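# Working through the structure, step by step
Spelled out, the chains give:
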There are 2 protein chains.
Amino acid sequence: QERVQNKTPLVNKHLKSFIATKDGQLVTGLVAEFLSHFNLNYTLAVFGPETNMASELEARDELVQRLGLSETEETKNAPLLSLILSQSRKLTSPKHTAQ
Amino acid sequence: QERVQNKTPLVNKHLKSFIATKDGQLVTGLVAEFLSHFNLNYTLAVFGPETNMASELEARDELVQRLGLSETEETKNAPLLSLILSQSRKLTSPKHTAQ
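Calculation rules
- Residues numbered from 1 in each chain as written.
- Chains lettered and ligands numbered in written order.
- Predicted model: local features only at pLDDT ≥ 70, side-chain atom pairs only at ≥ 80, totals over all residues.
- Heavy atoms only, no water.
- Contact = heavy atoms within 4.5 Å.
- Buried area = accessible area lost by both parts, 1.4 Å probe.
- Salt bridge = Lys/Arg side-chain N within 4 Å of Asp/Glu carboxyl O.
- Polar contact = N/O pair within 3.5 Å; in protein donor to acceptor, adjacent residues only side chain to side chain.
- Helix = DSSP H or I, 4+ residues; strand = E, 2+ residues; numbered from the N terminus.
- Nonpolar A, V, L, I, M, F, W, Y, C, P; charged D, E, K, R; others polar.
- Least-squares fit on C-alpha atoms with pLDDT ≥ 70 in both.
- Buried < 20%, exposed > 50% of the residue type's maximum accessible area, 1.4 Å probe, protein only.
- Arc of directions from axis to C-beta.

### Re the interface of chain B and chain A
Taken together, the contact pairs 38 residues of chain B with 38 residues of chain A. In total, about 3400 Å² of surface goes out of reach between chain B and chain A, with carbon and sulfur atoms giving 70% of it. In this structure, Arg-89 of chain A engages Asp-23 of chain B in a salt bridge whose closest nitrogen and oxygen atoms are separated by 2.9 Å. At the junction of chain B and chain A, the tally comes to 14 residue pairs in polar contact (both at pLDDT 80 or more). Within the residue set of the side of chain B that touches chain A, elements represented by two or more residues are helix H2 (13–19), helix H3 (22–37), helix H4 (41–51) and helix H6 (80–97) of chain B. Counting residues per element, the side of chain B that touches chain A draws most heavily on H6 of chain B, at 11 residues. Here the side of chain B that touches chain A is composed, by residue class, of 19 nonpolar, 15 polar and four charged.

Written as structure tokens, this is what we have:
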């Protein structure tokens, strides 16, 4: 029983509180969608249990809807994170090219 | 030798061509930063070899610089993907709240 005391807790508190937020759940879902998009099945098999999200991960369609995105034939070939990145850049790049 | 023929190739072509692009490398780096931020070390231990990116993954600071982001004390508590998501939303939400 003494040996158990110094073990790292199995609950990842920082991640748990992150996933409890709407955006945290979305971001975690987007990471899973990336893994799924590229058939990174070994990574996904560890990601699900390690995040404790295996049963709660949303399908791409659901994420698209919650993010208010619209898919085209072009966007379907890339993970949703690519779409998010290019949208975020539309906002930041004008500032940075002005230097 | 016959048995080998029907095996899935070990090279993930779709991912490989994605990572060959600048944005693909950034997105993959952001996923790794997410895993690293939350100490998802088991997932990361599989992600590196499965993406063949183990030795090429960039540190958070490098990603911040390449993405043209600026960190605050607040943003440091979250993975970079949260920052990217909130920036992308600044662009999309006005349209969607106007419905």
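### What about the relation of the copies chain B and chain A?
Between chain B and chain A, which share one sequence, the superposing operator has a rotation angle of 180° and an axial displacement of 0.0 Å; the RMSD is 0.0 Å. Expressed as a symmetry operation, the mapping of one chain copy onto the other fits a two-fold axis. Across chain B, the rotation axis passes nearest the C-alpha of Ser-88 of chain B, at a separation of 1.9 Å. The overlap is high: 100% of the interface residues of chain B also sit at the interface in chain A, so the same surface is used on both sides.

### Thoughts on unusual backbone geometry
Residue and element names in this part refer to chain B. At Asn-39, a residue that is not glycine, the phi angle is positive and equals roughly 50°. Tracing the backbone through its elements, the reader meets Asn-39 in the loop between H3 and H4. Judged by its relative accessible area of 54%, Asn-39 is exposed. Its identity as a non-glycine residue notwithstanding, Asn-52 has a phi of 65°, on the positive side. Among the secondary structure elements, Asn-52 is positioned in the loop between H4 and helix H5 (60–67). By relative accessible area, Asn-52 is classed as exposed at 63%.

### Looking at helix H4 (residues 41–51) of chain A
Within the sequence span of H4 of chain A, burial applies to Thr-43, Phe-47, Gly-48 and Thr-51 of chain A. The buried residues of H4 of chain A occupy one face: seen down the axis, they fall within an arc of 130°. Set apart from the buried face of H4 of chain A by more than 90 degrees, the exposed residues are Tyr-42, Ala-45 and Pro-49 of chain A. Packed against the buried residues of H4 of chain A are helix H2 (13–19) and helix H3 (22–37) of chain A together with H3 and H4 of chain B. Asn-52 of chain A lies just past H4 of chain A and shows a positive phi near 65°.

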